[in-house]
Amino acid sequence: MSEEKSHIHYGGLDNDILRADAGSDAALRSGNVSMPGERDVVDQATEDMMRARQQHEDAVRAFEQKASQRQMAVPTNDAQVKAKLREFGEPACIFGEGPYERRDRLRTIMAGRSAPTMEAKRQETTGDEDLFYTEGLEELLEARVKIAEWSIPRANQRLIKERRQRTVEDPLEYEERVDRFTGFLQKSMVAEVSQVGDERPLTQGKFSPDGGLFCTSSWSGFIKFWKVPSCEPTLTIRAHEDRCNSIAWHPSCKGAPPFEGQTVRLASASADSRINLWCLTESQPLGVLEGHEDRVNRVVFHPMGEHLVSTSHDMSWRLWDIATSSELLLQEGHSRPTYGVAMHPDGSLVATSDLGGVVRVWDLRSGKSVMPLTGHGKQVMSLDFHPKGMFLATAADDHSVRIWDMRKRRCMHNLLSHNKLISEVSFEKGEGRLMLTSSYDGTVKIWSTTDWRVVKVLIGHEGRVMGADHAPSGNGGHHYIGSVAFDRTLKFWSTQGKAEPPPDTSYLA
């Protein structure tokens, strides 16, 4: 029996493939067979593939977007959601949209694009802040030269006086003397007089340069003058038809009514965007300063007495010529309404604050913003220079007072002063040993400027205190403070209730 073969070999396939290729080539040459070309296959496949690929990419993108939305940190507070929408340039609210729908719309927008980065914002801001110059008046140039000629010798005299004082009195001895004086204030400072000042809330109160009068302004538009220390009314003027927000004494004003001569003694600012200049001998203003487009918040005279600075809600501050009642300078630079203003004792610098929490120090001799001060989280309501010119105090709605060193250009102390908005801060005129703060919490606080501690808390007003001021000089060897409040009252605080005089009255000489 023959053995069965386990493998059957039919030969190689090479010959069969060659014969098939030869047959297909012959069929193609004869024209009876039409084979699809590569271009037809690729084009048809590309359309189908692109359609499928697009559908796949859309599905993947939708899935990734939903996954990223689930992991995205979206604000839950409706106010924060609106603020975020504004950052993206989207409408904060759409008709018929509730908080949930608004947050969902923000989530979709955030998933689709990112918010502008700080670098992009900085570049955009840099592009907007191109340096440009505005041609000023010839009168402004003359005013700058006059201010420079007046302020430089004054600064030199101040520095000479400080050097002489350091050689005569040791710093430790000075601190001990201030401590004795603050200790006396702590024991003897009391409310001496309380008076209803107007039918409507009072807005500001200021002592005259010689300390003989105390002037108050109110929402009724009246300004009233009170004798010191008796607090008797001596003069009442209907200053404005609208609310009177601020008053400022001329540096050279002295004496008591009746006054003589047609000279400017007082300035008042109103919500009707006007500033009135008063000689206090007539019931009509001696001059009217018009130019602000919104309410005027604060006014202050230059120490030289020939110019006035005002701040307004129109986001600008202006420099005025008193003699001609004309506007010399319209200065922009704040992005929010400007409010507080303070003049350096030398007359070289002016500091302004706005409701965005920014403080700027300007050089009146050159017109430049030499020192932007940022640190407050809320609106800065008041600021004041130390009489020696080296410190600037700023008070804000964040319940704090910041002490800035003008030489080091930075904040030296951050004092958490009150429980509510701080309406005014002011240094003692003369030596500057004390600092006053008034607040909407109904209190006035006296601070020592040697160690920045609270010396005395004056409690007595039933409403928020709108302002407080030091008497420029002692009256019979006693220290006076005046305050005005929303409860329509003004109060005089003094040490006269104590029989013995202060242990050290040499500062009054």
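Reading the values: the criteria
- Residues numbered from 1 in each chain as written.
- Predicted model: local features only at pLDDT ≥ 70, side-chain atom pairs only at ≥ 80, totals over all residues.
- Heavy atoms only, no water.
- Helix = DSSP H or I, 4+ residues; strand = E, 2+ residues; numbered from the N terminus.
- Buried < 20%, exposed > 50% of the residue type's maximum accessible area, 1.4 Å probe, protein only.
- Polar contact = N/O pair within 3.5 Å; in protein donor to acceptor, adjacent residues only side chain to side chain.
- Contact = heavy atoms within 4.5 Å.
- Pairing = 2+ DSSP bridges.
- Salt bridge = Lys/Arg side-chain N within 4 Å of Asp/Glu carboxyl O.
- Patch = residues over 30% accessible without salt bridge, like charges linked within 9 Å, V, L, I, M, F, W, Y side chains within 5 Å.
- Areas by Shrake-Rupley, 256 points an atom, 1.4 Å probe, with all protein chains shown as cover.
- Axes fitted to C-alpha atoms, helices over the stretch in contact; angles between N-to-C directions.

## Some details on unusual backbone geometry
The linkage connecting Val228 with the following residue, Pro229, adopts the cis geometry, with an omega of 10°. Its place among the elements puts Pro229 in the loop between strand S4 (222–227) and strand S5 (233–238). Pro257 connects to Pro258 through a cis peptide bond whose omega is 0°. Mapping Pro258 onto the fold places it in the loop between strand S6 (244–249) and strand S7 (266–270). The backbone phi angle of Leu280 is positive, close to 65°, even though this residue is not glycine.

## Quick word on the side chain of Ser268
Note that Ser268 resides in strand S7. We classify Ser268 as buried; its relative accessible area is 0%. Within the structure, the side chain of Ser268 is placed 2.9 Å from the side chain of Trp278, a separation counted as a polar contact. Apart from the residues lying within four places of it in its own chain, the contact partners of Ser268 are Ala239, His240, Cys244, Ser246, Ile247, Arg274, Ile275, Asn276 and Trp278.

## Describing the pairing of strand S18 (residues 380–385)
In terms of residue burial, S18 counts as a mostly covered element, since six of its six residues are buried. For S18 and strand S19 (residues 391–396), the ladder comprises five bridges, and the chain directions are antiparallel. In the sheet register, Asp384 faces S19, and the bridge partner there is Ala393.

## Details of the pattern of salt bridges
In this structure the tally under the stated criterion is 22 salt bridges. Across the pair Asp179 and Arg453 runs a salt bridge, and its minimum N-O distance is 3.8 Å. Of this pair, Asp179 sits in helix H7 (residues 171–188) while Arg453 is found in the loop between strand S24 (443–448) and strand S25 (454–459), placing the two residues 274 residues apart along the sequence. You can call Asp179 partly exposed: its relative accessible area is 34%.

## Quick word on a nonpolar patch on the surface
Judged by side-chain polarity, Val454, Val457 and Ile459 come together as a nonpolar surface patch covering roughly 250 Å² of accessible area. Within the secondary structure layout, Val457 lies in strand S25.

## Details of the sheet that holds strand S27 (residues 480–485)
Strand order in the open sheet formed by four strands is S1-S28-S27-S26, with antiparallel pairing between adjacent strands. Across the chains shown, the open sheet's two edge strands, defined by having one partner strand only, are strand S1 (190–196) and strand S26 (465–470). Averaged over all adjacent pairs, the angle separating strand axes in this sheet is 20°, with direction ignored. Of the strand pairs in this sheet, S26 and S27 are connected by five bridges, and their pairing is antiparallel. Each residue of the ladder has a partner; that of Asp469, found in S27, is Gly482.

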